[in-house]
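Below, each chain spelled out in residue letters.
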Amino acid sequence: MDKEKELAMIELPDFTTEKPMKLEVGVTYKGSFKLSPNGQILVKPYQQGAKPSNLRKLVEGDRHAIYGSYHLVRIVISIQKGSSEQIRRAYKEIIMECYKNLNELAL
């Protein structure tokens with residue numbers, strides 16, 4: 001009975017059900033690691049995501065830029081920090097500029 005109590009008290013490491021990743025010998029991978037309380041190192045390599053390719057700049061404004069590819073339109077907005085009202089006002093102005101630019105583009 002004591003043996004069963006002892007086995008029941010053993011903590012198992014956290015396991016995830018993510019897809020296994022095939023690692024190749026000699027290749028450097030970026031990733032992260034976690035040190036568990038019992039000293040075990042859990043390594044998680046970053047997986048390559050689906051990056052939009054062939055993005056080209058279509059419009060460049062003072063506070064925004066519009067990029068496009070065959071399947072994707074990306075709008076990048078930059079707003080100076082300020083009060084909540086200033087940010088909302090700037091956001092509204094930039095969105096209107098973007099809307100005008102998108103209306104003029106042949107997508």
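Residues numbered from 1 in each chain as written. Predicted model: local features only at pLDDT ≥ 70, side-chain atom pairs only at ≥ 80, totals over all residues. Heavy atoms only, no water.

Q: Mind showing me how you'd approach the sheet that holds strand S5 (residues 73-77) here?
A: In a beta sheet, neighbouring strands pair by backbone hydrogen bonds and run either parallel or antiparallel. Here three strands make up an open sheet; going across it, the order is S3-S4-S5 and the pairing antiparallel. Across the chains shown, the open sheet's two edge strands, defined by having one partner strand only, are strand S3 (56-60) and S5. Taken pair by pair, the neighbouring strands of this sheet meet at an average axis angle of 25 degrees, ignoring direction. In the packing of helix H2 (residues 84-104) onto the sheet, the strands contacted are S3, strand S4 (64-68) and S5, and the crossing angle to S4 comes to about 35 degrees. (Pairing = 2+ DSSP bridges. Helix = DSSP H or I, 4+ residues; strand = E, 2+ residues; numbered from the N terminus. Axes fitted to C-alpha atoms, helices over the stretch in contact; angles between N-to-C directions. Contact = heavy atoms within 4.5 Å.)

Q: How should I be thinking about the pattern of salt bridges in this particular structure?
A: Side chains that differ in sign of charge can pair as their charged atoms come close. Enumeration over the complete set of coordinates arrives at four salt bridges. Close ionic contact of Glu-93 with Arg-63 constitutes a salt bridge, the shortest N to O distance being 3.3 Å. Linking Glu-93 in helix H2 with Arg-63 in the loop between S3 and S4, this pair joins segments that are 30 residues apart in sequence. Residue Glu-93 is classed as partly exposed on the basis of its relative accessible area of 38%. Connected through salt bridges with shared partners, the residues Arg-63, Glu-93 and Glu-97 form a single ionic network. (Salt bridge = Lys/Arg side-chain N within 4 Å of Asp/Glu carboxyl O. Buried < 20%, exposed > 50% of the residue type's maximum accessible area, 1.4 Å probe, protein only.)

Q: Is there a simple way to explain the environment of Asp-62 in this structure?
A: By the secondary structure assignment, Asp-62 is in the loop between S3 and S4. Along the chain, Asp-62 and Ile-94 lie 32 residues apart, while their C-alpha atoms are 9.4 Å from each other.

Q: What is the right way to read the confidence of the model for the protein from this model?
A: Within the protein, residue pLDDT values average 81, and 79% of them lie at 70 or more. The secondary structure element of the protein with the lowest average pLDDT is helix H1 (residues 2-8), at 70, and the one with the highest is H2, at 93. (pLDDT = per-residue confidence, 0-100.)

Q: For this particular structure, what's the right way to read the pairing of strand S2 (residues 41-45)?
A: Each regular strand displays side chains that alternate between the two surfaces of the sheet. Two strands pair when backbone bridges link them, and strand S1 (residues 31-35) and S2 are joined in this way by five bridges, in the antiparallel orientation. Of the residues in S2, the one forming a bridge with Phe-33 is Val-43. Between S1 and S2, which follow one another and run antiparallel, lie five residues, and Gly-39 among them has a positive phi close to 90 degrees.

Q: Whenever I open this one, the side chain of His-64 confuses me. Can you help?
A: One can find His-64 in strand S4. At 2.7 Å, the side chain of His-64 and the side chain of Asn-101 are in polar contact. Aside from chain neighbours lying at most four places away, what touches His-64 is Val-59, Val-76, Ile-77, Ile-94, Glu-97, Cys-98 and Asn-101. (Polar contact = N/O pair within 3.5 Å; in protein donor to acceptor, adjacent residues only side chain to side chain.)

Q: Whenever I open this one, a nonpolar patch on the surface confuses me. Can you help?
A: Side chains of Met-21, Leu-23, Val-27 and Tyr-29 sit close together on the surface and give an oily, nonpolar patch of about 320 Å² of accessible area. Among the secondary structure elements, Val-27 is positioned in the loop between H1 and S1. (Patch = residues over 30% accessible without salt bridge, like charges linked within 9 Å, V, L, I, M, F, W, Y side chains within 5 Å. Areas by Shrake-Rupley, 256 points an atom, 1.4 Å probe, with all protein chains shown as cover.)

Q: Help me out: how do you make sense of H2 in this one?
A: An α-helical turn contains 3.6 residues, so a residue and the one three or four places further along point in the same direction. A rise of 1.5 Å per residue sets the reference length of H2, with its 21 residues, at 30 Å; its end C-alpha atoms lie 30 Å apart and thus fit the reference within 8%. Considered for burial, the residues of H2 that qualify are Ala-90, Ile-94, Cys-98 and Asn-101. Angularly, the buried residues of H2 cover 75 degrees about the axis, an arc narrow enough to put them on a single face. In H2, the exposed positions angled more than 90 degrees off the buried face are occupied by Arg-88, Lys-92, Tyr-99, Lys-100 and Asn-103. (Expected span 1.5 Å × (residues − 1). Arc of directions from axis to C-beta.)

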